[in-house]
Each structure stands twice: as structure tokens, then as C-alpha cells.
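# A look at the structure
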Amino acid sequence: MSGILRILAIIAFVVVAGGLVVSCGINTIPTDEEKAKAAWSEVQNQYQRRADLVPNLVETVKGYAKQEEKVLTEVVQARAQATSVKIDASTITDPEKFKQFQDAQQGLSSALGRLIAVSEAYPDLKSNQNFLALQSQLEGTENRIAVARKDYIEAVRVYNTDLRTFPQSIYKSMFYSDSKPMETFAATSESQAPPKVNFNNN
């Protein structure tokens, strides 16, 4: 009988100890890390969505403004640069690579801004249905990018705070020594607002 009681006591101890481990926050760091990675994936998804719109936008503008070859070329080159800089969830702890990604995306934003400014000089282009549809999609995508970046910045703030504050900092030193702070977007005057893409005003 005493053997059965001993086994039950051990089982009870394991259950209680397991509950204490879960409730004490030992899983906070990996949980928040996964949330930040998921938020980063959404940022990438929305930037890719924007990049996918660029070829059709360029072709539509080219049909009405062939003489704007320099601006069109800049947009194509900026898109190529933005899509060539690869960074995934495993490398967002690398400041240099993250900056390369951000700079490339900002370069595409700037090029699109110049293309948008050029389009103002072509009323026929501004009234083209395909162009209007692309404008609407681009505007929506820029808004989604802004939201995705905001969510990512917040997720990274939570995760990076975990690594520096008690008791998670103890768990980091004991169990998650490989965990590194994640990079976040640097706020610039240009990146705080999406490019203006409203072509309806004369």
C-alpha cells in the first residue's frame, strides 16, 4: 500500500511542479518570440503584396507617359532591390541585415512617390480604370503595411522587454541563452505615413 501511496505522491508532485513551471512564466520568452516572428511574417507578406502590384502599375503608367522613362526605370530598379534583400524570422536579430531590408523598402516607397507625382500631369492616366484599380490596391496595401509594422513593433517591444526584465531575464540566462533582441523599424518622417496615392484631385 505504501508503494501505491508513494507513486501517487510522485504523480501529484509532478502535476503540481508542472503547473508551477507553467504559471511562473518560463514559457513567456518563446511564446512572445513566436508572436514577434508571426508579426514579422505579416510585414513581409504586405511588402510582397506591394511589390507584386508594381509591374502592372509601371506598365499602365508607361502606356500614357512613355516619356517618363527615368522615373519608370527608377521604380523597376527599386522594386528589384526591395525584393532581392532577403530577411526572415531567423535573421531579424541582425541589425545590418534588417537595415538593408528597411532601406530597400524605403527606396521603393520613394520611387513610388515620384511615380505618383509624375502621374498628376496626365489626366487621361488618372481617369484610366485599370490605373484607378491599381491605385486603390496600392493605397490599401500601404495601409496594411502600416498596420503590420505597428503590430510587429509592439510584438518586438514585448519580446525584447522579456529578455531584460525579471523574472524572464533569469529564464533567459538559464534556458534561452541563445535568444537575442529583435530589430525594429526606425521611425523616419517618410516612413511614418504611407505614400499619397489619391489621384482623384486635379
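Keep in mind that this is a model prediction, so the values were computed, not measured.

### Quick look at the overall build of the protein chain
- Helices and strands together make up the secondary structure of the protein chain, namely seven helices and zero strands.
- The N-to-C order of helical and strand elements in the protein chain reads α-α-α-α-α-α-α.
- When each of the 202 residues of the protein chain is scored for burial, the buried share is 37%.
- Counted over contacts in the protein chain with a minimum sequence separation of 6, partners at least 24 positions apart contribute 82%.
- Here the protein chain has roughly 11,800 Å² of accessible surface; of this, 57% comes from carbon and sulfur atoms.

### Details of unusual backbone geometry
- Note that the residue after F166, namely P167, is joined by a cis bond; omega there is 0 degrees.
- Following the sequence through the fold, P167 ends up in the loop between α6 (129-164) and α7 (168-175).

### Describing the packing of aromatic side chains
- Applying the stated criterion across every chain, the model contains nine aromatic pairs.
- Summarising the aromatic geometry, the rings of W40 and Y152 are spaced 5.2 Å apart at their centres and angled 50 degrees between planes, so their arrangement reads as tilted. Of the two residues, W40 sits in helix α2 (residues 28-64) while Y152 sits in helix α6, which places them 112 residues apart along the sequence. When sorted by exposure, W40 lands in the same class as Y152, which is buried.

### With respect to the nonpolar core
- In terms of nonpolar packing, the biggest core is built from 45 residues, with W40, L57, V61 and Y152 touching the most fellow members.
- For this core, the elements supplying multiple residues, two or more each, are α2, α3 (69-84), α4 (95-119) and α6.
- Here this core gets 11 residues from one element, more than from any other, and that element is α2.

### Section: the environment of S179
- Mapped onto the elements, S179 comes out in the segment after α7.
- On the accessibility criterion, S179 (10% relative accessible area) is buried.
- Measuring from C-alpha to C-alpha, the distance between S179 and T93 comes to 9.1 Å, with 86 residues separating the pair along the chain.
- Apart from residues no more than four positions distant in its own chain, S179 is found in contact with I29, Y159, L163 and K172.

### Describing a nonpolar patch on the surface
- A grouping of F166, I170, M174 and F175 is seen on the molecular surface, where their side chains present a nonpolar patch of about 460 Å² in accessible area.
- The residue F175 is located in helix α7 in this model.

### Section: the side chain of T60
- Secondary-structure assignment places T60 in helix α2.
- Polar side-chain contacts of T60 include one of 2.8 Å to the backbone oxygen of N56.
- Apart from residues lying up to four places away in sequence, T60 is in contact with L125, N128, N130, F131 and L134.

### Regarding the environment of P181
- Among the structural elements, P181 can be located in the segment after α7.
- When its relative accessible area of 48% is taken as the criterion, P181 is described as partly exposed.
- When the C-alpha atoms of P181 and T161 are compared, they prove to be 8.8 Å apart, with 20 residues separating the residues in sequence.
- Setting aside residues up to four positions removed in sequence, P181 forms contacts with T93, Y159, N160 and L163.

### Description of the packing of α2 against α3
- As a packed pair, α2 and α3 sit with axes 10 Å apart at the nearest point and diverge in direction by 170 degrees. Classified by the angle between their axes, α2 and α3 sit roughly antiparallel to one another. Touching A51, D52, V54, P55, V58, V61 and K62 of α2 are L72, V75, V76, R79 and T83, all from α3.
- When the residues that make up the contact of α2 with α3 are grouped by side-chain class, the tally is eight nonpolar, one polar and three charged.

Conventions adopted
- Residues numbered from 1 in each chain as written.
- Predicted model: local features only at pLDDT ≥ 70, side-chain atom pairs only at ≥ 80, totals over all residues.
- Heavy atoms only, no water.
- Helix = DSSP H or I, 4+ residues; strand = E, 2+ residues; numbered from the N terminus.
- Buried < 20%, exposed > 50% of the residue type's maximum accessible area, 1.4 Å probe, protein only.
- Contact = heavy atoms within 4.5 Å.
- Areas by Shrake-Rupley, 256 points an atom, 1.4 Å probe, with all protein chains shown as cover.
- Phe/Tyr/Trp six-rings, centres within 6.5 Å; stacked < 30°, edge-to-face > 60°.
- Core = buried A, V, L, I, M, F, W, Y, C linked by side-chain atoms within 4.5 Å.
- Patch = residues over 30% accessible without salt bridge, like charges linked within 9 Å, V, L, I, M, F, W, Y side chains within 5 Å.
- Salt bridge = Lys/Arg side-chain N within 4 Å of Asp/Glu carboxyl O.
- Polar contact = N/O pair within 3.5 Å; in protein donor to acceptor, adjacent residues only side chain to side chain.
- Axes fitted to C-alpha atoms, helices over the stretch in contact; angles between N-to-C directions.
- Parallel < 35°, antiparallel > 145°, perpendicular 65-115°, else oblique.
- Nonpolar A, V, L, I, M, F, W, Y, C, P; charged D, E, K, R; others polar.

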